[in-house]
Amino acid sequence: LGDSVQEVLVVPFAQIDPVRVLDSSQKKRLFGDRRVRSLATESDPVAAIRSAQAITVFGGNTFLLLFQLYARELLDPIRERVSSGTPYVGM
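In every chain, residue numbers begin from 1 and rise along the written sequence. Since the coordinates come from a predicted model, pLDDT governs what is reported: local features require at least 70, and pairs of side-chain atoms require 80 or more to be given and counted, while whole-chain, interface and lining totals use all residues. Heavy atoms from the whole structure form the basis of all side-chain values; hydrogens and water molecules are not counted.

A. A look at the overall build of the protein. Runs of E in the DSSP output that reach at least two residues are strands. Runs of H or I that reach at least four are helices, and both are numbered from the N terminus. Assigned secondary structure in the protein consists of four helices and four strands. Reading the protein from its N terminus to its C terminus gives the helix and strand order β-α-β-α-β-α-α-β. With the radius of gyration taken over C-alpha atoms, the globule rule is written as 2.2 Å times the number of residues to the power 0.38. By the compact-globule yardstick of 12 Å for 91 residues, the protein fits well, its C-alpha radius of gyration being 12 Å. In the protein, which comprises 91 residues, the proportion classed as buried is 37%. If you take every contact in the protein between residues at least 6 apart in sequence, the share linking residues at least 24 apart comes to 80%. Only the protein chains shown count as cover for residues, and all accessible areas are computed by the Shrake-Rupley method using a 1.4 Å probe. If you sum the accessible surface of the protein, you get close to 5,500 Å²; carbon and sulfur atoms cover 50% of it. Under the convention used here, Asp and Glu are negative, Lys and Arg are positive, and both His and the chain ends fall outside the count. For this purpose, a charge sits on NZ of Lys, CZ of Arg, CG of Asp or CD of Glu. Positive and negative side-chain charges in the protein, numbering 11 and 10 respectively, have mean positions lying 5 Å apart. Exposure categories follow from relative accessible area, calculated using a 1.4 Å probe and restricted to protein chains: below 20% of the type maximum is buried, above 50% is exposed, and the middle band is partly exposed. Note on contacts: a residue pair is in contact if any heavy atoms of the two residues lie within 4.5 Å.

In structure tokens, the structure reads:
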């Protein structure tokens, strides 16, 4: 992700329990000392995407992921950020 990235926004919607994904990634220190935020707990998800330093989408059920992203109207904001150069990791 690079040294300049201090915070990672996690997109956990491919999992049935998105809060557990955040807890697990923090316990395992998947992102080192970086702050980790979950899109599932953001009060304004679109604003969170627009301000994200890096975006990580956790895998699982692809149908569930796309369903949640479309239902929450988040697919286009994520696409725009990633297209503009925001670091992206799919896990």
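Now that the structure is up, let's keep going.
B. Seen up close, the sheet that holds strand β3 (residues 55–57). Reading across the sheet, the four strands line up as β2-β1-β3-β4 and stay open at both edges, with parallel pairing between neighbours. The sheet is open, and its two borders are formed by β2 (35–38) and β4 (88–90), each paired with just one other strand. Taken over all neighbouring pairs, the strand axes of this sheet differ in orientation by 25° on average, direction set aside. Paired strands are those between which DSSP finds at least two bridges. Two elements, strand β1 (residues 7–11) and β3, share three bridges in a ladder whose sense is parallel. The axes are straight lines fitted to the C-alpha atoms, using for helices just the contacting stretch, and the angles between their N-to-C directions are given from 0 to 180°.

C. Spotlight on helix α4 (residues 75–83). Residues L75, P77 and I78 constitute the buried set of α4. Projection of α4 onto a plane perpendicular to its axis shows the buried side chains occupying an angular sector of 165°, all on one side. The inward-facing, buried residues of α4 abut β1, α2 (45–51) and α3 (62–71). As used here, the arc belongs to the directions running from the helix axis to the C-beta atoms.

D. Structural context of α3. Turning to α3, its buried residues number three or more, namely L65, Q68 and L69. One face of α3 carries all of its buried residues, which in axial projection span an arc of 100°. Exposed and facing more than 90 degrees away from the buried side of α3 are F63, Y70 and A71. Here the buried face of α3 lies against β1, β3 and α4.

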